[in-house]
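Now for the letters of each chain:
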Amino acid sequence: MLDINLIRTQPELVKQAVRDRQNPELIDVIDQALALDGKRREALREVETLKAQRNTVSKEIGRMKDAAEREAKIVEQRTVNERIAALDAELRQVEAELEAAVSALPNLPDPRTPVGATEDENVVLRTIGEPRAFDFTPQPHWDLGPRLGILDFERGTKLAGSRFYVLTGAGARLQRALIAWMLDLHIRQGYTEAYLPFMVKGDIVYAAGQLPKFRDNLYRDAEEDYWMVPTAEIPLTGLHKDEILDGASLPRNYTAYTPCFRREKIAAGRDVRGIKRGHQFDKVEMYVYCKPEDSDAALEAMREHAEATLAGLGLTYRVKQLCTADIGFGARMTYDLEVWAPGCNEWLEVSSVSNVGDFQARRGNIRFRREAGAKPELVHTLNGSGLGLPRTLIAVLENNQQADGSIVVPDVLLPWMGGITRLG
RNA sequence: GGAGGGAUGGCCGAGCGGUCGAAGGCGGUUGUCUUGAAAACAACUGUGGGCGCAAGCUCACCGGGGGUUCGAAUCCCUCUCCCUCCGCCA
């Protein structure tokens, strides 16, 4: 969430930001917020004056001895209270509308985020590695997997419908190895592992910025206020909600494995083949809470940590910087990592690393104190995947395939493979 | 799921519906004393909002929300969480 003070003092800056993000319709929302903010402050001034008066009068009444005089004062105060009640009701209404308006506004892009009209203006910064040259036609994973008996689409569909699949045997084991290896890698990079609830309360989803905007993309319990996490970023943001952290404890780096649940209400025919996009997928996430002045450096560090996973697996990937049209709602600056999948013949997004600034911190009321007695300040938060599992699995399967259809297990995963060096 | 008991400031713990933003203690900060430290003593020690250049003034907050009242930490309703016992369960 943006600071209402910023919107009030620099409305043009905020308007330019939504224009850059290709959300010109939000200009109206900004104007609406400004109007509501004015109304709020006006009503607040009046009601607070009346309440100060009421507090004084009530104390006087408490001290009064003369019954008649006392009664007269009480009657007089009743009419003032009616006005207070009316103003309080108005204020509640205005504040709810203001909150709704401001919470609909996306974060300000970092000045270094390139301005672009569509995702085509994302910038490929560099490519690491060369797409592997094959002396045979590389197969897509949706052919490789079933042939090897490690990937079962039919039974996934039987169990849960379209966009679900089952991994069995060495396939399931390979994914588990990837998860364990990534977690251990991030721990070595300075992150603390966390095991988190996979369902969280609505206010936690809100603090992370997914509600109300992305309501339609989330699964939720039909009877209770439980929301299935679409990413570990949600519980990791909520972890320190409403806390004042000790400045000396920053940065706090977390890594967590969670499944992710998404409705993926996209066109029915798109991305249906294979395991690229499902309603349930696994992910290892990185998350950092830090001081404002440290978040720029933390973003670069996190990008490097994510890159280290791809490099460790020996995969070819490229680093993209997203433009204003494509960065996420809460993000100021984002790097995407895309891995080359020779079977699908495309670059797959496996990681997105973002500096969110104080956007989630303001929504979640997450602060820190530089030293004892200092005023609390909002922290900055960053999140990044390290990595999304299905697409990483796709890349491993497709890149490591041999002419005979077998797949060589990457060296770093061998400790978890129980002696399996090759699938098939 | 059933029956009870709780929730107060960083922590512990008081609090007849009226001068309570809240006693007392612990912890913390600063000062006095001391060569230094400890002890002792003294002062200070929550968060958010509004007005103001500032000093300061003011509003709200005693788990969340709503209500009664001139006035609520204190009374009523409701929700959440925690504890004890029973049942059930991985």
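Keep in mind that what you see is a predicted model, and the values were worked out from it rather than measured.

### So, the sheet that holds strand β12 (residues 346-357)
- Taken in spatial order, the eight strands make up an open sheet running β1-β10-β11-β12-β15-β9-β8-β4, and their pairing is mixed. Each edge of the open sheet is held by one strand with a lone partner, namely β1 (123-128) and β4 (192-194). Taken pair by pair, the neighbouring strands of this sheet meet at an average axis angle of 25°, ignoring direction.
- Two strands pair when backbone bridges link them, and strand β11 (residues 333-341) and β12 are joined in this way by nine bridges, in the antiparallel orientation. The partner of V339 across the bridge, within β12, is L348.

### Here's the deal with the protein's contact with RNA strand B
- Around RNA strand B, 20 residues are found, and the nearest of them are E48, R70, R78, N81 and R367.
- Looking at RNA strand B alone, sugar and phosphate atoms form 68% of those within 4 Å of the protein.
- At a separation of 2.9 Å, a phosphate oxygen of RNA strand B approaches a polar side-chain atom of R369.
- Those elements giving two or more residues to the surface near RNA strand B turn out to be α3 (26-63), α4 (67-103) and β13 (367-369).

### Description of the pairing of strand β9 (residues 280-290)
- Counting buried positions over the 11 residues of β9 gives 10, a clear majority of the element.
- Sheet topology places β9 next to strand β15 (residues 380-388); seven bridges connect them, and they run antiparallel. The residue bridging C290 from the neighbouring strand is H380, located in β15.

### Some remarks on the nonpolar core
- If you look at the biggest cluster of nonpolar residues, it comprises 53 residues, and the most contacted ones within it are L174, L310, L413 and L423.
- In terms of residue count, helix α7 (residues 170-188) provides more of this core than any other element does, nine residues in total.
- Ignoring sequence-local partners within four residues, the contact set of L174 consists of L393, V396, L397, V409, L413, M417 and L423.
- Listed in part, the 21 residues of the second largest apolar core include V29, I30, A33 and A101.

### Side note on the domain arrangement of chain A
- Domain boundaries in chain A define domain 1 (4-103) and domain 2 (119-423).
- Each of domain 1 and domain 2 has a C-alpha centre, and these two points are 43 Å apart.
- With five residues of domain 1 in contact, the opposing surface of domain 2 contributes nine residues.
- Approximately 550 Å² of surface area, both sides summed, lies buried where domain 1 meets domain 2, with 37% of it carried by carbon and sulfur atoms.
- If you sort the residues of domain 1 by the area they bury against domain 2, D20, R21 and S103 come out on top, with a joint share of 82%.
- The interface formed by domain 1 and domain 2 contains six residue pairs in polar contact (both at pLDDT 80 or more).
- The residue inventory of the side of domain 1 that touches domain 2, partitioned by class, reads no nonpolar, two polar and three charged.

### Considerations on the pattern of salt bridges
- The final tally for this structure, using the stated rule, is 23 salt bridges.
- The partner of K283 in a salt bridge is E285, with the nearest N and O atoms 2.7 Å apart. With respect to burial, K283 and E285 carry one shared label: buried.
- E300 is the partner of R303 in a salt bridge, and the nearest nitrogen-oxygen pair spans 2.3 Å. In this pair, R303 and E300 both sit in helix α10 (residues 295-312), three residues apart, roughly one turn of the helix.
- On the basis of relative accessibility, which here comes to 8%, the residue R303 falls in the buried class.
- Classification of E300 as partly exposed rests on a relative accessible area of 26%.
- Each of R126, E300, R303, E304 and E307 takes part in one network of salt bridges that share partners.

The rules behind the values
- Here the residue index of a chain counts from 1 through its sequence in written order.
- A letter from A marks each chain and a number from 1 marks each ligand, given out in the order of writing.
- Predicted model: local features are reported for residues with pLDDT of at least 70 only, side-chain atom pairs are reported and counted for 80 or more only, and whole-chain, interface and lining totals are derived from all residues.
- Derived side-chain values reflect all non-hydrogen atoms in the structure, with water molecules and hydrogen atoms excluded from consideration.
- Whether two strands pair comes down to DSSP finding at least two bridges between them.
- Helix and strand labels come from DSSP, where a helix needs a run of H or I of at least four residues and a strand needs a run of E of at least two; each type is numbered from the N terminus.
- Helix axes are fitted to C-alpha atoms over the stretch in contact, other axes to C-alpha atoms as well, and angles between N-to-C directions run from 0 to 180 degrees.
- For this description, a residue counts as near a given molecule or strand if any of its non-hydrogen atoms is within 4 Å of it.
- The term polar contact refers here to a pair of N or O atoms within 3.5 Å; inside protein, the definition further demands a hydrogen-donor-capable atom paired with an acceptor-capable atom, and it admits residues adjacent in sequence only when both atoms are side-chain atoms.
- For every residue, the accessible area (1.4 Å probe, protein chains only) is compared with the maximum for its type, and the residue is labelled buried under 20%, exposed over 50%, or partly exposed between those bounds.
- In these notes, a set of buried Ala, Val, Leu, Ile, Met, Phe, Trp, Tyr and Cys residues joined through side-chain atoms within 4.5 Å is what counts as a nonpolar core.
- For this analysis, residues touch if any pair of their heavy atoms sits within 4.5 Å.
- Boundaries of every domain are those given by an automatic assignment or by a domain database.
- What counts as buried area is the accessible surface, traced by a 1.4 Å probe, that two parts surrender upon association, with contributions from both included.
- Each residue is assigned to one of three groups, with Ala, Val, Leu, Ile, Met, Phe, Trp, Tyr, Cys and Pro labelled nonpolar, Asp, Glu, Lys and Arg labelled charged, and all others, Gly among them, labelled polar.
- Salt bridge, as applied in this entry: a Lys or Arg side-chain nitrogen positioned within 4 Å of an Asp or Glu carboxyl oxygen.

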